[in-house]
Amino acid sequence: MKDMSIPLLAAVSSSTEETVRPIADFHPTLWGNHFLKSTADVETIDAATQEQHAALKQEVRRMITTTANKLAQKLHMIDAAQRLGVAYHFEKEIEDELGKVSHDLDSDDLYVVSLRFRLFRQQGVKISCDVFEKFKDDEGKFKESLINDIRGMLSLYEAAYLAIRGEDILDEAIVFTTTHLKSVISVSDHSHVNSNLAEQIRHSLQIPLRKAAARLEARYFLDIYSRDDLHDETLLKFAKLDFNILQAAHKKEASIMTRWWNDLGFPKKVPYARDRVVETYIWFLLGVSYEPNLAFGRIFTSKVVCIISIIDDTFDAYGTFEELTLFTEAVTRWDIGLIDTLPEYMKFIFKALLDIYREAEEELAKEGRSYGIPYAIQMVSNYFINNQFHVISFCKVIIIDLGYVAQMQELIILYFTQAKWLYKGYVPSFDEYKSVALRSIGLRTLGVASFVDLGDFIATKDNFEGILKNAKSVKATETIVRLMDDIAGYKFEQKRGHNPTAVECYKNQHGVSEEEAVKELLLEVADSWKDINEELLNPTTVPLPMLQRILYFARSGHFIYDDGHDRYTHSLMMKRQVALLLTEPLAI
C-alpha cells in the first residue's frame, strides 16, 4: 500500500515541558436542557388547526392568482407573502404572476417601480436599473420632490441593495434614501409619518431586506403587517398558522439536536469548547433552510456545524501543535485506524466526526438517494490513494474540490495551516491570509452538506464542481462571513494567543490604522454582496436552489456578525431571537 502520509504533517517531537494551552473564556450554554424532551413530548399541531391551515392555503393561492389587475396590488400581495415567510407554498404561482407583469414599465410611481425591480431581481430576472432614470433631474441627481414620498423612498432603498457592480445609480440611491430616511425618523415630530412606517424605516436602515435572515424577517414582519391598515386578514391568519406549525417542527428538531449533543457527552468531554448546540441549529434555521420537508438536511448540517465549532475551538483554544498535527493527519486520511494515535479528547472528536457522515450516508441509502456522501467518500479515497492532494509550503493549500468529505478534509488542512502560522509566529500579508482564511470559514463544507436535501436532479457531480470551482457567490459569501467575523472578534482574540485576523493583516500590509482597515474591509464586504446579486440573475451557471443556499449562508452570517458583534460566541446577544423562533408561538 502506498504511503498516504502528508509531508507537511510529519510528527512533531514531543516536549517534556508542561503543556500550555491558549484556553478561551467562553461563557456556558444559556439553554442547557431546556429543549431536552422526548420528541414525542414536544407539542404538536392538532388536526383542526392543520385543516384550517390547508383551507387558508388554498384561499391565499387563489388571492395571489386572481388579485386585481392593478399592478401595485399584485406586487404588494406577492411581496407580503414573501416577507411573511409563506411564499415557499406558492413558488409556481408567484413566478407566473410576475411573468404577467414583466413588460409593464409605464408606472411613474416610485414605490411601484422600486418594488417591481426588487421582486424581479429576487426572482433572478435581469431587469435593468435604467428604470430609475426617470426619477432624476436635469443635473443627474435624484429629484428632491421624492423625499416627500416616504413609502416610495423606503421601497427604493430596499431595491438598491439588489445592485451589481457598476450600477452607479443604485449606489447613489442608497446614499440618497439613507440620508433622507434617517432624517425622517430623527425629527422629534413624527406626525408626518405613521408609527408603523417609522418602525419599518428604523428596521430597514439597520438590516436591509436583501441581507435579512428569512425566519427572523418573517417573525418581525408578522408583527408589522398585523398593524398595517392595508393588511389582508386571510393572508395574515394563514401566515400566523404557518409560523406556528413550522415552529412546532423546529422545536422538535432542537430537541433532537440537544439530545444528540448530550447523549454523546460533548459538554463534559470537550469542556473548553463553546456549548452552543441550540445556537448552532438556529444559525442554520435563521436563513438557510426552514421548510418542513428539509428536516434531514437541516439536522445533518447542524451536526456538521457543531463538530466544526468544536474542531475550530480545538485549533484556536486548546490543542497543542503536536496534537493538531496528529489530528490533521487522521482526518485527511479519513481512517478510523489512526484513532489510537490521538489523545483521548481528540479520539472522541474524531469518532464523532466520522459518525456524523456515516450516519448520514446510511440514512440517504435507506431513502434510495445514492448521490452525495457515498459518492464523495469513494472519490476522496481515490484522490488520496493517488496522492492528488498536496500542500505547498505552510501558507498555501491546494485540494481537489469535490464531495462532502473532501470539503471537511480541506477545512482541517486550512485550520492546520493557520495553526502553523501561529506556531511559527508568522504574520501573513492580507492577500496571503485571504487565500487560506476565506475558505477556512467553512462555507464549502457547510454548503455542500446542506445540498443533501436538494435531490438527485440538482445535487449532481457537475453541479457540485460548478458551484465549488466556478461560483463567484461562494467566494463572495466567504469574504462576507470571514471579514465580518474578523471585525467582530479581533479585539477578543487579541487578548489571548491567536492567529492574526484580516484586520491585523490588512493594517500591516497597507500601513493603515485599525479603524481604516475595518473601513476598507467593510467596503470589500459591500462589493461581495453585489457579486452574489449578479450570480443569482438568470441564466445561472448552476441550478438556482444551490446558489440561493449560498445567499442564505451570507444572510445568516451577516446576522451573527453584524455591528461588530459575535452573536455565536457571545450568545446572550441572540437569546431573544432563539426565543422568538422556538419558544413563543403567535396568538391567532
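One can find the structure itself at the top, above this paragraph.
Not measured: the values here are computed from a predicted model. Numbering of residues starts from 1 in each chain and follows the order in which that chain's sequence is written. Thresholds applied to this predicted model are a pLDDT of at least 70 for local features of residues and 80 or more for the giving and counting of side-chain atom pairs; totals over whole chains, interfaces and linings are not thresholded and use all residues. The side-chain values count all of the structure's non-hydrogen atoms but skip hydrogen atoms and water molecules.

Points about the packing of aromatic side chains
Two aromatic rings, taken as a pair, are described by how far apart their centres are and by the angle between their planes. Any Phe, Tyr or Trp ring, taking Trp's six-membered ring, that has another such ring centre within 6.5 Å forms a pair; planes under 30 degrees apart are called stacked, those over 60 apart edge-to-face, and the others tilted. Applying the stated criterion across every chain, the model contains 29 aromatic pairs. A centroid spacing of 6.0 Å and a plane angle of 80° characterise the contact between Trp-283 and Tyr-561, whose relative ring orientation is edge-to-face. Of this pair, Trp-283 sits in helix H11 (residues 277-287) while Tyr-561 sits in helix H23 (residues 544-561), and the two are 278 residues apart along the sequence. Look at Trp-283 and you get buried, because its relative accessible area is 17%. The structure contains a cluster of three or more aromatic residues connected by ring pairs, namely Trp-260, Trp-261, Phe-266 and Phe-348. A helix here means a DSSP run of H or I that spans at least four residues, while a strand means a run of E at least two residues long, and both kinds are numbered starting from the N terminus. Burial classes follow relative accessibility: with a 1.4 Å probe on protein chains only, a residue under 20% of its type's maximum area counts as buried, one over 50% as exposed, and anything between as partly exposed.

With respect to the packing of helix H8 (residues 214-226) against H11
Fitted lines through C-alpha atoms serve as axes, helices being fitted only where they are in contact, and the angles separating the N-to-C directions of these axes extend from 0 to 180 degrees. Where H8 contacts H11, the two axes come as close as 5 Å, and the packing angle between them is 70°. Taken together, the axes of H8 and H11 lie roughly perpendicular to each other. In contact with Ala-214, Arg-215 and Leu-216 of H8, H11 contributes Leu-285, Leu-286 and Gly-287. Looking at the contact of H8 with H11 residue by residue, the class counts come to 4 nonpolar, 1 polar and 1 charged. Roughly parallel covers angles under 35 degrees, roughly antiparallel covers those over 145, roughly perpendicular covers 65 to 115, and oblique covers all other angles. Throughout, a residue-residue contact means that at least one pair of heavy atoms, one from each residue, lies within 4.5 Å. For this classification, Asp, Glu, Lys and Arg are treated as charged, while Ala, Val, Leu, Ile, Met, Phe, Trp, Tyr, Cys and Pro are nonpolar and the rest, including Gly, are polar.

Quick look at the environment of Lys-134
Structurally, Lys-134 can be placed in the loop between helix H4 (110-122) and helix H5 (150-160). Owing to a relative accessible area of 32%, Lys-134 belongs among the partly exposed residues under this scheme. In this structure, the C-alpha to C-alpha distance between Lys-134 and Leu-110, residues 24 residues apart in sequence, is 9.6 Å. Beyond its immediate chain neighbours, meaning those up to four positions away, Lys-134 contacts Leu-105, Asp-106, Ser-107, Asp-108 and Lys-143.

Here we look at a negative patch on the surface
To count toward a patch, a residue needs a relative accessible area above 30% and no salt bridge. Like charges then connect within 9 Å, nonpolar side chains (Val, Leu, Ile, Met, Phe, Trp, Tyr) within 5 Å. All accessible-area figures derive from a Shrake-Rupley calculation using a 1.4 Å probe, and residue coverage is judged against the displayed protein chains alone. The term salt bridge refers to a pairing of a side-chain nitrogen on Lys or Arg with a carboxyl oxygen on Asp or Glu at a separation within 4 Å. His residues and chain termini do not enter the charge count, which takes Lys and Arg as positive and Asp and Glu as negative. For charged residues, the charge sits on one atom: NZ in Lys, CZ in Arg, CG in Asp, CD in Glu. Together, Asp-137, Asp-138, Glu-139 and Glu-144 give the surface a local cluster of negative charge. When you line up the elements, Glu-144 lands in the loop between H4 and H5.

Brief notes about the side chain of His-250
In this structure, His-250 sits in helix H9 (residues 233-264). Under the rule applied, a polar contact is a pair of N or O atoms within 3.5 Å (in protein, one hydrogen donor and one hydrogen acceptor; residues adjacent in sequence only if both atoms are side-chain atoms). One polar contact links the side chain of His-250 to the main-chain carbonyl oxygen of Tyr-290, over a distance of 2.9 Å. For His-250, the contacting residues outside a window of four places in its chain are Arg-215, Tyr-281, Leu-285, Tyr-290, Arg-298 and Leu-582.

Observations concerning the pattern of salt bridges
Applying the stated criterion across every chain yields a total of 34 salt bridges. The residue Arg-358 makes a salt bridge to Asp-355 at a minimum N-O spacing of 3.3 Å. Residue Arg-358 and its partner Asp-355 are located together in helix H14 (residues 344-366), separated by 3 residues, close to a single helical turn. Look at Arg-358 and you get partly exposed, because its relative accessible area is 36%. Lys-507 is paired through a salt bridge with Glu-514; the nearest N and O atoms lie 3.9 Å apart. In this structure Lys-507 comes out as partly exposed when scored by relative accessible area, which is 23%. We classify Glu-514 as partly exposed; its relative accessible area is 22%.

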